[in-house]
Amino acid sequence: MSISQPVSALVAQTVWPVDRVKDHSLKIGSGVTPTGGAAAYLDSGVPLLRSQNVHFDGLRLDDVAYIGEETHDEMSGSKLRPGDVLLNITGASIGRCTFVPENFGEGNVNQHVCIIRPAAKLNHKFLTYCLSAPWGQDQVFAGFTGASRQGLGQRDLGEIQVPLPPLPEQQRIATYLDMSCAAIDAAVSAKRRQLDTLDALRKSIIQRAVTRGIVSDAALEATGNVWLEKIPRGWKLVALKRIAEIRGGLTLGKQYEGTLIERPYLRVGNVQDGHLDLADVSVIELPASVAAGVELCPDDVLMTEGGDLDKLGRGHLWRGEMAGCLHQNHIFAVRCFPHKLKPMFLAYATAAQYGRDYFEATGKKTTNLANTNATKVGQFPIPLPPLAEQTAICAHLDDKTAEVDRITATIQTQIATLTAYRKSLIHECVTGQRRVTEADVRVAV
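Residues numbered from 1 in each chain as written. Predicted model: local features only at pLDDT ≥ 70, side-chain atom pairs only at ≥ 80, totals over all residues. Heavy atoms only, no water.

Undergrad: Before we go on, may I ask you to explain the overall build of the protein in this structure?
TA: Within the protein one finds 12 helices and 25 strands. Taken along the three principal axes of its C-alpha coordinates, the protein extends 75 × 60 × 45 Å. The proportion of buried residues among the 445 residues of the protein is 45%. Restricting the contact set of the protein to residue pairs at least 6 apart, pairs at least 24 apart contribute 75%. (Helix = DSSP H or I, 4+ residues; strand = E, 2+ residues; numbered from the N terminus. Buried < 20%, exposed > 50% of the residue type's maximum accessible area, 1.4 Å probe, protein only. Contact = heavy atoms within 4.5 Å.)

Now the structure itself:
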């Protein structure tokens, strides 16, 4: 369904008449890229809102860009006013929307954000709730179809249909939803803080066990190493390259001759933080002799060469989830020497805080991403207890982290339930399926 097509299914959901956004808007339009692009950004000045600043729960200005007054005047067509509704129209955040608060002051937007300026008979908060509800989101994504579409145009946005209760009722609904959603958002924020606490606990449990063992009073001795200054007596501190083989992966783009076979291969996107994502695994054709050199074996530890800095070098144990699977050259397959190092112990070491510190400090950083190399991976210092103690440490960590993961999963389910309830509440209120009275507003306040 395109936005311009009949919306009888949507009309059936509301008790009120509906009309097009463009028939009740003074302006629909996006900004532009400032002259000079990112080079025009300043440390202070007029805020330039981009898609990362526009969220359903309001504007987030922690990484806002600024432009000068002269650039702001050049972009006069996208100067903001209080009550403007902002909608992301391109990229992964398409459909996210909020409004400009009364006390925001001067501001502008770039080409990824559209301004919808409601006319007198359409309350800006009510419109924002309509666009964020399933009602509005369905229409936004109906207009954003096909891989070739780069974003929503002004014509598409103008055709979005919204319910039109009397203005006093719009205002009453918006007030009620402001209070109700604020309470839900506060609950979700509290749950997310619990997740942060659990994540910190998980890291501390791993750090303690990998670098100190599971004996509480283990005697320590100095190592002379900046990344791990002390380890338990009887352990060794060894560079990874001395106790494992670091295997590079498949370089794409080469042309092969002879009989080709089809094989799955992993990319960086398949190796996530703490888990594998095998929902979308690529396939490549190449000779069997080439495939043999980059085929994964059970107990290989996958370590990412590039990506987000905080995930760089994070190891994940390959258990043979896909037969005959290969790996891209941006993933190292580390094959531990079985008489020296347990693969799971290595995976835990890369997740420990000292491991994160090592890869973040030694990784090569670019604007958005980072990368490491085989040399840096090979130099990664491994605190090495005897094999039997490695096994005991891994068993201890398996139990402890599983307990943390169970609690984490419960909280994530609670967040999902609250988020779904928020969406349902907004939808019921803006369509009139739940009528909001003055008494409802007094209770919410």
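Resuming the write-up.
Undergrad: Is there a simple way to explain the pattern of salt bridges in this structure?
TA: Pairing is possible between side chains that carry opposite charge, provided their charged atoms lie close to one another. Enumeration over the complete set of coordinates arrives at 18 salt bridges. R422 is the partner of D185 in a salt bridge, and the nearest nitrogen-oxygen pair spans 2.9 Å. In this pair, D185 sits in helix α6 (residues 167-212) while R422 sits in helix α11 (residues 387-431), placing the two residues 237 residues apart along the sequence. Residue classification places R422 among the buried residues on the basis of a relative accessible area of 14%. Measuring nitrogen to oxygen at the nearest pair gives 2.8 Å for the salt bridge that ties R335 to D300. Highlighted residues: R335 in strand β22 (residues 331-336) and D300 in the loop between α7 (288-293) and β18 (301-304), separated in sequence by 35 residues. Through salt bridges that share partners, R20, K22, D23 and E159 make up one connected network. (Salt bridge = Lys/Arg side-chain N within 4 Å of Asp/Glu carboxyl O.)

Undergrad: Would you mind going over the pairing of strand β16 (residues 261-266) with me for this structure?
TA: The side chains of a regular strand alternate between both faces of the sheet. Sheet topology places β16 next to strand β17 (residues 282-286); five bridges connect them, and they run antiparallel. Its bridge partner lying in β17, I261 is registered against L286. As judged from the two bridges shared by β16 and strand β21 (residues 326-327), these two strands associate in the parallel manner. Each residue of the ladder has a partner; that of Y265, found in β21, is L326. (Pairing = 2+ DSSP bridges.)

Undergrad: What is the right way to look at the nonpolar core in this model?
TA: The nonpolar side chains of a soluble globular protein tend to be buried with one another. Of all hydrophobic cores here, the largest spans 75 residues; its most connected members are L177, L240, L341, L346, F380 and I382. For this core, the leading source of residues is α6, giving 12 residues. (Core = buried A, V, L, I, M, F, W, Y, C linked by side-chain atoms within 4.5 Å.)

Undergrad: Just checking my understanding: could you explain the sheet that holds strand β9 (residues 108-109) for this structure?
TA: Across a sheet, paired strands are connected by hydrogen bonds in the backbone, their directions being either parallel or antiparallel. Strand order in the open sheet formed by three strands is β6-β3-β9, with mixed pairing between adjacent strands. On the outer flanks of this sheet lie β6 (65-67) and β9, each paired with one strand and no other. Pairing analysis gives three bridges linking strand β3 (residues 46-49) to β6, with the strands arranged antiparallel. Note on β6: the bridge partner recorded for V46 is I67.

Undergrad: I keep staring at the side chain of T90 and nothing clicks. Help me out?
TA: Tracing the sequence through the fold places T90 in the loop between β7 (85-88) and β8 (97-99). Given the relative accessible area of 18%, T90 is considered buried. Within the local environment of T90, its side chain forms a polar contact with the side chain of H112, the two groups lying 2.7 Å apart. (Polar contact = N/O pair within 3.5 Å; in protein donor to acceptor, adjacent residues only side chain to side chain.)

Undergrad: How do you make sense of the environment of T375 when you look at a structure like this?
TA: Among the structural elements, T375 can be located in helix α10 (residues 374-379). Among the residues examined, T375 registers a relative accessible area of 48% and is labelled partly exposed. Each C-alpha atom of the pair T375 and I206 lies 25 Å from the other, and the pair is 169 residues apart in sequence.

Undergrad: Sorry, what's going on with the packing of helix α8 (residues 343-351) against α11 here?
TA: At a minimum axis separation of 9 Å, α8 and α11 run at an interaxial angle of 55°. The angle between α8 and α11 falls in the class oblique. Crossing geometry of α8 relative to α11 is assigned as left-handed. Listed contacts from α11 to M344, F345 and Y348 of α8 are Q390, I393, C394, L397, D398 and T401. Its residues placed into classes, the contact of α8 with α11 shows six nonpolar, two polar and one charged. (Axes fitted to C-alpha atoms, helices over the stretch in contact; angles between N-to-C directions. Parallel < 35°, antiparallel > 145°, perpendicular 65-115°, else oblique. Left-handed = near helix turned anticlockwise from the far one by under 90°. Nonpolar A, V, L, I, M, F, W, Y, C, P; charged D, E, K, R; others polar.)

Undergrad: Would you mind showing me how to read the packing of aromatic side chains here?
TA: One pair of aromatic rings is described through two measures. These are the centre distance and the angle between the planes. Tallied over the full model, the rule gives five aromatic pairs. Measuring from centroid to centroid gives 5.4 Å for W227 and Y358, while their planes differ by 80°, and the two rings are edge-to-face. Here Y358 lies in helix α9 (residues 353-362) and W227 lies in the loop between β12 (220-222) and β13 (230-232), a separation of 131 residues in the sequence. Judged by relative accessible area, which is 3%, Y358 ranks as buried. (Phe/Tyr/Trp six-rings, centres within 6.5 Å; stacked < 30°, edge-to-face > 60°.)

Undergrad: What am I meant to see in unusual backbone geometry here?
TA: Non-glycine residue D299 carries a positive phi angle of around 85°. Along the chain, D299 falls in the loop between α7 and β18. Relative accessible area serves as the criterion here: at 41%, D299 is assigned to the partly exposed category.

Undergrad: Would you mind showing me how to read the sheet that holds strand β23 (residues 364-365) here?
TA: Ordered by their spatial adjacency, three strands build an open sheet running β19-β24-β23, and the pairing between neighbours is antiparallel. Looking at the sheet topology across the chains shown, the edges are occupied by β19 (306-307) and β23. Alignment of β23 against strand β24 (residues 370-371), held across two bridges, turns out to be antiparallel. By the bridge assignment, K364 is partnered in β24 with N371.

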